[in-house]
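Coordinate analysis (summary)
The residues making up each chain are set out below.
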Amino acid sequence: MDEGTELNSVLADGLFFRCDPGGKRLISDPGPLGRLLGVAGEALKDDLGGALGKDAPKAYAEFFAAAASSSGEMKSILLPYRHPDRGMRWFALRLALDPEVPGSALVFLRDETVFRESMLKLAEAQSRDIENSARLQAAVLMEGERHELAGLEYQTTTIPSKLVDGDFLDVLRLSGDSVDFLLGDVMGKGMNAAIVGAMIKFSFIRALSSSLFAAPRLPDPAAICRSVDAALVGRLFERQSFATLTYARYEESSRALRFVDCGHTSIIHFSRKTGECWKVKGGNMPLGFMKGQSYRSFLLPIERGDWFLLYTDGLSECYNRYGEAFGEDRVARILKTYADLSPAELSGTLLRLGFAYSAAGFNDDVSLICVKDRSMPEPDDRERAFELSLGPSFSEAMEKAGELLASDLDAWVPELSVETRSAILLALHEALSNILKHGLDGADGVCEATWRMRGELLSAEFVYAGPDYEWSQVPSSPLASFAESGYGMFILDEAMDSLVVSQDLHGRKRLVLCRRLGDEDKKGGRT
């Protein structure tokens with residue numbers, strides 16, 4: 001084919017033409033291309049680049065240079081062009097060197113202005129939709145009404161990794177004596193995760209509203225979780241989604257945290273008295289992970305100056321450039337180091353340090369609830385703390401602990417029934433026996449013991465150093481089964497309302513037993 005042969009043709013609203021490999025000189029008939037560009041065709045013969053690439057000369061030159069070095073590979077570019085009559089246009093150019101005609105390049109040009117403008121309008125509409133969804137999410141999923149409690153200060157904070165995400169939180173005041181905290185994280189991201197988060201949050205609010213109607217007392221967090229599970233688990237299965245969450249209630253009268261943990265990150269509890277941080281876990285699977293869960297709440301005593309921190313894994317699982325996670329231990333160390341800050345200041349510190357640690361910013365949503373106890377000691381607060389040496393003299397230590405607890409119970413709750421008193425003393429014996437047998441692996445050791453009475457709540461805390469021992473995995477054998485073992489856990493479950501085991505940053509373990517002593521315990525109605 002000769003150089004002057006007509007190569008221009010219309011194909012799918014486009015135009016073919018041939019030029020030199022540098023895009024400077026038009027080889028084929030200039031008429032059709034000139035009409036498309038709104039210029040005289042003859043002007044394109046020796047100055048194609050000056051006319052077609054006038055609004056982006058650098059991009060035009062780089063396009064042809066890249067094509068010349070691509071060994072025949074097809075190249076493409078979207079090129080701006082200001083038409084003399086039609087205003088700004090956008091031309092798509094696709095180019096390949098033609099091996100059959102040395103010294104020339106075959107170019108296909110198409111006006112894609114309408115398509116590009118349509119895409120821009122669609123992107124703007126999607127952006128508005130996302131922004132509106134994000135505002136809705138901020139108002140619905142991440143907002144909790146601000147409540148004031150004399151002995152408590154808290155801060156809620158969230159940083160989404162995208163404009164719409166699956167974290168949700170709420171703060172609820174259900175009585176003058178308590179504040180409820182809800183923090184959760186839906187599997188996945190985007191609008192679907194936000195919808196699931198909204199479903200879960202509103203299910204909690206609906207369950208609370210229903211249970212509060214004509215109820216003599218606040219529903220237990222475990223009962224609320226059971227109600228939410230019954231309402232939602234089928235829908236979560238249909239969506240193939242689940243959520244981890246912590247639902248916790250701070251009770252001012254007993255200065256205790258009653259919580260349900262559904263597979264969420266550990267609650268970090270900083271003890272002002274000991275200066276240690278404890279990683280606290282509950283015992284449930286994520287919401288929607290399995291049908292018919294048996295939810296159970298746990299109790300954690302909180303002292304003046306203590307902290308408890310709820311957070312999503314966007315903080316603990318952000319990674320540095322070496323692939324190392326920020327980790328729960330680092331979160332706990334930061335809390336321990338900056339425990340003198342206010343909740344707002346601590347929240348900002350955690351986010352700044354986490355962001356600085358991560359290689360490219362947070363790659364997941366980060367939500368925090370930082371809570372600090374500022375309560376004053378009550379006149380009727382009672383406490384005893386001492387050390388027990390466990391080992392060869394175990395029987396003597398057990399006898400000493402039993403005598404001290406019996407004496408304190410008689411002094412603190414003189415009207416306590418014989419049955420309840422005996423059950424608590426038996427639980428103490430079983431707890432210390434398990435610490436010696438399993439927690440210390442039968443070796444000598446020291447156990448720091450503390451028991452307290454706050455309002456109606458009796459708590460006993462035992463701190464020891466020893467090998468890992470998973471208390472929750474020990475089977476509980478009912479007395480009627482005549483099993484060879486497991487009665488210790490059965491006794492603890494029957495005698496106490498809550499058993500929580502946590503670990504500090506040095507590997508020490510802490511066993512906390514709690515029982516609320518109501519009127520039925522003083523009349524012998526509970527055994």
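1. Description of the confidence of the model for the protein chain
- The share of residues in the protein chain with pLDDT of 70 or more is 85%, and the mean pLDDT across the chain is 83.
- When the elements of the protein chain are averaged for pLDDT, strand β1 (residues 10–11) gives the smallest value, 41, and strand β11 (residues 267–271) the largest, 97.
- Note that pLDDT drops below 50 for residues 1–12; the model gives that stretch 21 contacts with residues more than four away or on any other chain.

2. Regarding the packing of helix α9 (residues 328–337) against helix α10 (residues 343–357)
- At a minimum axis distance of 10 Å, the contact between α9 and α10 shows a crossing angle of 140°. Viewed along their axes, α9 and α10 adopt a mutual orientation that is oblique. Crossing hand, α9 versus α10: right-handed. Facing Arg330, Val331, Ile334 and Leu335 of α9, the residues of α10 in contact are Leu346, Thr349, Leu350, Leu353 and Tyr357.
- Across the contact of α9 with α10, the residue classes tally to 7 nonpolar, 1 polar and 1 charged.

3. Observations regarding the environment of valine 280
- Relative to the helices and strands, valine 280 is located in strand β12 (residues 276–280).
- Considering only alpha carbons, one finds valine 280 and glutamine 503, 223 residues apart in sequence, at a separation of 7.3 Å.

4. Concerning unusual backbone geometry
- Even without a glycine there, the phi angle at glutamine 240 is positive, about 55°.
- Assignment of secondary structure puts glutamine 240 in the loop between α7 (221–239) and β9 (243–251).
- The class of glutamine 240 is exposed, set by a relative accessible area of 66%.
- Phi at arginine 255 takes a positive value of approximately 45°, unusual for a residue other than glycine.
- Tracing the backbone shows arginine 255 in the loop between β9 and β10 (256–262).

Criteria and thresholds
Once a new chain begins, its residue numbering starts again from 1 and follows that chain's sequence as written. In keeping with the predicted nature of the model, local features appear solely for residues at pLDDT of at least 70, side-chain atom pairs appear and are counted solely at 80 or more, and the whole-chain, interface and lining totals rest on all residues. No hydrogens and no water enter the side-chain calculation; it runs on all heavy atoms of the structure. Confidence of the predictor in every single residue is expressed as pLDDT, which spans 0 to 100. Strands here are runs of E lasting at least two residues and helices are runs of H or I lasting at least four, both read from the DSSP assignment and numbered beginning at the N terminus. Residues count as neighbours in contact if any of their non-hydrogen atoms are within 4.5 Å of one another. Working convention: axes come from line fits to C-alpha atoms, limited for helices to the stretch in contact. Angles between N-to-C directions cover 0 to 180 degrees. Convention used here: angles under 35 degrees read as roughly parallel, angles over 145 as roughly antiparallel, angles from 65 to 115 as roughly perpendicular, and any remaining angle as oblique. Definitions for this section: a left-handed crossing has its near helix turned counterclockwise from the far helix by less than a right angle. A right-handed crossing has that turn clockwise. Any residue outside Ala, Val, Leu, Ile, Met, Phe, Trp, Tyr, Cys, Pro, Asp, Glu, Lys and Arg is labelled polar, Gly included; the first ten of those are nonpolar and the last four are charged. For each residue, the accessible area found with a 1.4 Å probe, counting protein chains only, is set against the maximum for its type, and the residue is called buried under 20%, exposed over 50%, and partly exposed in between.

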